Every structure is written in C-alpha cells, then in structure tokens.
Amino acid sequence: MEYTQNMDDYKKMLPALQQAKFGSYLILPYQCTEDGVDAAHAGEMLQEIPVDTLDLTEIAKSMMNEDGRMSIGRCFKIPRDVLIREMSGGAVSADIHSFFVETEGSRRHLDFHDSYLYVFHSNVAFFALGIIYDELEALSDMVNPGYANSRAAFSYDDEAGCHAFVIEEWIGRVTEKAGLRQFFESKGSPFLEAFIHTAALVPERFPTIGVMRQVTFNLHLMTPLNDPDYDTSEEDVRFVYSVIDRSLDSYRWGVCVSSQTISYVTADPDMDMEAEMRTQARAGLPIVMLALYEKYTCLHFADLLATTDLRHLRNMQKLKTSMLEFQAYGTLAPANLSRWHNIKHIYADLLEVNDVPAAINDIDHKINILTEHQKEFEAERAETVANIITAFGIVSILASVLSIIEILQGGITILWMSTVLTLLAIFMIFLIAVFRRRR
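Residues numbered from 1 in each chain as written. Predicted model: local features only at pLDDT ≥ 70, side-chain atom pairs only at ≥ 80, totals over all residues. Heavy atoms only, no water.

The next thing to look at is the overall build of the protein. When helices and strands are tallied, the protein shows 12 helices and 13 strands. The proportion of buried residues among the 439 residues of the protein is 46%. Expressed as a percentage of contacts within the protein between residues at least 6 apart in sequence, the contacts between residues at least 24 apart total 74%. Per element, the accessible surface of the protein, about 23100 Å² overall, is 55% carbon and sulfur. (Helix = DSSP H or I, 4+ residues; strand = E, 2+ residues; numbered from the N terminus. Buried < 20%, exposed > 50% of the residue type's maximum accessible area, 1.4 Å probe, protein only. Contact = heavy atoms within 4.5 Å. Areas by Shrake-Rupley, 256 points an atom, 1.4 Å probe, with all protein chains shown as cover.)

With 70 residues, the main nonpolar core has Phe-99, Phe-112, Phe-127 and Phe-206 as its most contacted residues. Sorting elements by how many residues they give to this core places helix 7 (residues 209-221) first, with six residues. Discounting residues that sit within four places of it in the chain, Phe-127 has contacts with Leu-26, Ile-27, Leu-28, Tyr-30, Ile-78, Leu-83, Ser-115, Tyr-116, Leu-117, Ile-171, Val-174 and Thr-175. Counting residues in hydrophobic clusters, the runner-up holds 57 residues, among them Val-51, Met-271, Ala-291 and Leu-350. (Core = buried A, V, L, I, M, F, W, Y, C linked by side-chain atoms within 4.5 Å.)

This next bit is on the side chain of Thr-103. Locating Thr-103 in the fold gives a position in strand 4 (residues 99-103). Note on Thr-103: relative accessible area 17%, which makes it buried. There is a polar contact of 2.5 Å between the side chain of Thr-103 and the side chain of Ser-106. Excluding residues within four positions of it along the chain, Thr-103 makes contact with Asp-141, Arg-151 and Ala-152. (Polar contact = N/O pair within 3.5 Å; in protein donor to acceptor, adjacent residues only side chain to side chain.)

Here we come to the packing of aromatic side chains. Evaluated as defined, the whole model comprises 22 aromatic pairs. The interplanar angle of 75° and the centroid separation of 6.1 Å between the aromatic rings of Phe-120 and Phe-126 together place this pair among those described as edge-to-face. With a centroid separation of 5.4 Å and 75° between ring planes, the pair formed by Phe-126 and Tyr-296 is classed as edge-to-face. Of this pair, Phe-126 sits in strand 6 (residues 124-133) while Tyr-296 sits in helix 8 (residues 273-307), and the two are 170 residues apart along the sequence. Taking the relative accessible area as the measure of exposure, Phe-126 reaches 1% and is therefore buried. Members of the aromatic cluster, connected to one another through ring pairs, are Tyr-118, Phe-120, Phe-126, Phe-183, Phe-184, Tyr-293, Tyr-296, Phe-301 and Phe-326. Across from the ring centre of Phe-100, 3.8 Å away, lies the NZ or CZ of Arg-107, which sits over that ring. (Phe/Tyr/Trp six-rings, centres within 6.5 Å; stacked < 30°, edge-to-face > 60°. Lys NZ or Arg CZ within 6 Å of the ring centre and 35° of its normal.)

What follows covers helix 5 (residues 136-143). The element helix 5 is extensively covered by neighbouring structure, given that seven of its eight residues are classed as buried. Those residues of helix 5 that fall on the buried side of the exposure criterion are Leu-136, Ala-138, Leu-139, Ser-140, Asp-141, Met-142 and Val-143. Taken from the residues just after helix 5, Asn-144 is the one with a positive phi, measuring 55°.

Bridge analysis of strand 2 (residues 47-49) against strand 3 (residues 73-78) gives three bridges, and the strand direction is antiparallel. Counterpart to Glu-48 in the pairing with strand 3 is Phe-76. For strand 3 and strand 5 (residues 106-120), the ladder comprises six bridges, and the chain directions are antiparallel. Residue pairing across strands places Phe-76 opposite Leu-117, the latter belonging to strand 5. (Pairing = 2+ DSSP bridges.)

The full count for this structure, using the stated rule, is one cavity of 30 Å³ or more. Reported here for the largest cavity is a volume of approximately 30 Å³. Here the residues of the lining of the largest cavity are counted per class, giving eight nonpolar, one polar and no charged. (1 Å grid on protein atoms, 1.4 Å probe; cavity = no way out; pocket = protein on both sides within 12 Å on 5 of 7 lines; lining within 4 Å. Points joined across faces, edges and corners; volume = space filled by probe spheres on them. Nonpolar A, V, L, I, M, F, W, Y, C, P; charged D, E, K, R; others polar.)

With that settled, consider the pattern of salt bridges. Using the criterion set out here, one finds 12 salt bridges in the structure. In this structure, Arg-74 engages Glu-48 in a salt bridge whose closest nitrogen and oxygen atoms are separated by 2.7 Å. Placement of Arg-74 in strand 3 and of Glu-48 in strand 2 is noted, with a sequence separation of 26 residues between them. What makes Arg-74 partly exposed here is its relative accessible area of 25%. Ionic pairing is found between Arg-107 and Asp-157, a salt bridge with its closest N-O pair at 3.0 Å. Here the residue Arg-107 occupies a position in strand 5, and Asp-157 occupies one in strand 7 (residues 153-158), the gap between them amounting to 50 residues. Residue classification places Asp-157 among the partly exposed residues on the basis of a relative accessible area of 24%. One salt-bridge network, held together by shared partners, links Arg-108, Glu-135, Asp-141 and Arg-151. (Salt bridge = Lys/Arg side-chain N within 4 Å of Asp/Glu carboxyl O.)

All quantities given are derived from atomic positions and should not be read as evidence of function.
Put into structure tokens, the structure is as follows:
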C-alpha cells in the first residue's frame with residue numbers, strides 16, 4: 001500500500017520533475033607535494049577562499065582553513081571565466097556557453113561553472129569540476145557509470161563553427177599548472193575515479209519521503225526523473241532528508257549517498273541553478289571533501305608504506321609520525337561536524353559507505369608494524385655498536401698488555417711489585433664476586 005501511494009505521489013509530481021535543472025561537481029583525486037600547490041606557477045588562476053558555512057561547527061571550519069588551529073588543508077576557487085581560459089589554453093572565450101557532450105546518436109548541452117580545488121597537508125588534493133546541464137543523460141554520457149572506458153566526445157560552438165576538444169587535456173592543463181599529479185595512473189575514462197556531487201532543482205516541494213527517495217535514487221543512477229528506477233544490488237546507498245515543514249506539510253530537500261556519488265534534490269520556486277551551485281559549493285562540498293580526504297589519506301599512507309625504504313630509521317619515524325598526527329588531528333567524528341543532525345548523518349554515511357573507519361583503524365595495525373620494524377632495526381644497530389665497542393676494547397687490552405710487558409722488561413722492582421699486587425687485588429675481587437653470587 002505504501003509503495004502504491006508513493007508511486008501515485010510520484011506521478012503527481014512528474015510535471016514538476018520534468019522541469020528539473022541539474023548541476024554537478026566532478027571531484028577528481030590528485031597528489032601534490034609537501035608544499036601544496038605551486039602558487040607561483042598557478043598565478044592568478046587560484047583564489048583562496050575560506051570555508052565559512054554555518055552548517056559546520058567552528059572546529060570543522062578551522063580544519064578547512066589555512067589559519068585554523070587544527071588546519072588540515074585549504075580551499076581555492078577557480079572562476080568560470082578563468083577555468084575556461086586555462087583549460088582551453090586561451091583558445092575559448094568565457095562568453096561561449098555552447099559546450100556539448102556527444103555519444104552515438106545524441107548531442108547534449110552542458111556548460112562549465114565555477115570550480116574548486118582542495119589541497120590537504122597529507123599530499124592529497126581534489127579538483128571539483130563544476131558543470132551545469134539540462135538533461136541528466138548528459139552526466140551519464142560524461143561519466144559512463146559502471147564502465148572503465150569513456151564513450152563521450154566533447155565540442156563547443158562559436159562563430160567559426162563546431163570545434164572538438166579532449167576533456168582529459170583540458171583538465172590536465174589546470175591540474176598541471178597547479179602542480180598536481182594523478183592519484184591513480186589510469187588509461188580509462190578520466191572520470192573513472194571521480195566522486196560525483198550532483199544537485200537538482202524542482203519547482204515544487206515534496207509531499208512524502210518516498211518521492212524524495214525515488215528522485216535522489218534516479219539522480220544517483222543518472223537516469224531520467226520521469227522514469228522511476230530500481231536496483232536491488234545497490235547495497236551501499238543511504239538516504240537523508242530535511243525535516244518536514246508542518247505548516248506546508250511537505251519536505252524541501254533530500255539526498256542519496258553512495259560510495260561514488262552524493263545526489264541532492266531541492267525544491268526552489270525560483271529555479272536558480274547558479275545560486276544552488278554556489279550553495280552546494282559553500283555548504284555541501286566541504287562535507288564531501290572531509291570524507292574523501294580521510295579516505296585518500298589512508299590510501300596515500302598505504303602507498304608510502306609500499307614505497308618507503310623502511311631500513312632507514314629516519315624515513316620510518318617520519319612516516320610513523322605523519323600517521324599518528326593524522327589519527328590525532330586529521331580526522332573528525334560526525335558528532336563534531338555540525339549542529340544539525342541530518343548534516344552529521346550525511347557525513348557519517350559518506351564515511352560508512354567508503355569504509356573510512358575501517359581504513360583509519362587499519363592505520364593502527366600499520367603503526368604497530370612500523371614500531372616492530374623500528375625495534376628490530378634499533379636492536380640490530382645497538383648490537384652492531386656493541387660489537388664495534390667490544391672490538392676496540394680487545395685491541396685496547398692487547399695494547400695495554402704489550403705496554404705492561406715492555407715496562408716490566410725494564411726490571412724495576414717497584415713496578416714488578418705493583419703489578420703483582422694489582423693482579424692479586426683483581427683476583428681477590430673476582431673470588432669475592434663469585435662467592436657472593438653463589439650465596
């Protein structure tokens with residue numbers, strides 16, 4: 001009965017759902033140097049901005065700001081005009097809005113939006129490429145979910161006609177200028193490792209949680225909203241909703257969380273997608289970035305363990321210290337993230353579906369391994385030093401014996417007597433020690 005009611009409500013909302021507008025941030029993981037981004041080379045491309053959303057506690061915001069007392073990283077904005085100029089190498093004007101993603105038999109419109117770069121002190125970085133599009137299929141064509149290869153071609157139109165471009169090269173120009181390198185070397189789709197942050201706007205509020213659940217699940221699957229979709233194999237999906245407005249008896253927003261996507265739908269009579277993208281960038285992206293930072297930092301440490309020469313105690317101690325500092329200061333419990341329960345719920349779901357708590361706990365195991373290695377190497381080093389000291393001691397004793405023999409050969413009576421008395425004293429001390437030990 002509940003399922004039937006939900007479908008009835010969903011069908012009633014179809015006219016509103018068909019007016020939906022869409023935007024996404026395609027979040028790509030990268031690695032950077034210990035100094036962060038190459039600010040000198042990046043020039044004016046990057047504009048550092050503070051994380052100041054009221055959805056986060058002061059502790060959480062402090063972690064995301066450079067001057068915070070618990071800072072783990074910083075955030076940069078790349079405005080749309082700068083983004084297009086840098087991606088195209090100056091070949092495309094920011095006035096052009098006619099970008100297209102093409103697959104066999106389809107050519108769908110999209111446009112670029114302000115994008116963001118998050119750089120963390122653990123040498124992990126994320127580039128969030130902002131896009132706006134009219135059809136949800138455009139996102140599916142770009143990402144090609146479930147497949148490692150890309151099926152899309154990209155182009156733009158200007159007064160001279162249609163021009164093709166390669167999205168990998170465009171993105172590469174921006175990230176290389178910032179001094180970033182790919183986290184995973186892959187020959188497949190450039191979005192194979194991307195985390196998709198999607199936002200949709202509809203003009204009407206939602207009568208039930210079931211309707212929001214269905215809409216956000218379709219967003220997660222990147223399938224049209226006018227065709228309710230189901231997939232019982234999706235075990236990593238979680239849902240979070242706004243509280244009901246009692247005066248209107250309806251809900252304003254809902255979100256679907258999975259290991260590779262987070263999908264928001266929001267009711268907005270003004271249908272202002274530009275404002276919604278700015279809202280998501282200010283309040284939604286920091287939450288996702290915190291979770292991804294913890295996930296990829298754990299992966300980064302695993303990579304360092306595989307490549308660091310653990311025979312050098314200095315390298316081992318540096319790695320161990322970094323891992324301990326990450327556990328102590330670089331993670332944030334959901335309870336400390338926000339004053340709002342549903343925001344904490346979203347963050348907790350992101351951590352859960354990405355197995356971040358298990359990965360962080362695994363660091364304890366890795367630290368114990370490093371500690372054992374360190375003890376073994378320190379014991380070997382101490383044994384080596386002791387052997388060297390013993391060798392020098394033996395040489396010193398032999399030299400002393402030779403010196404004594406040389407002196408005694410002089411035949412001086414007092415020297416002979418002193419030597420005999422010294423030997424007798426040493427012998428008596430030895431006998432006393434043996435006797436006491438036996439007792």
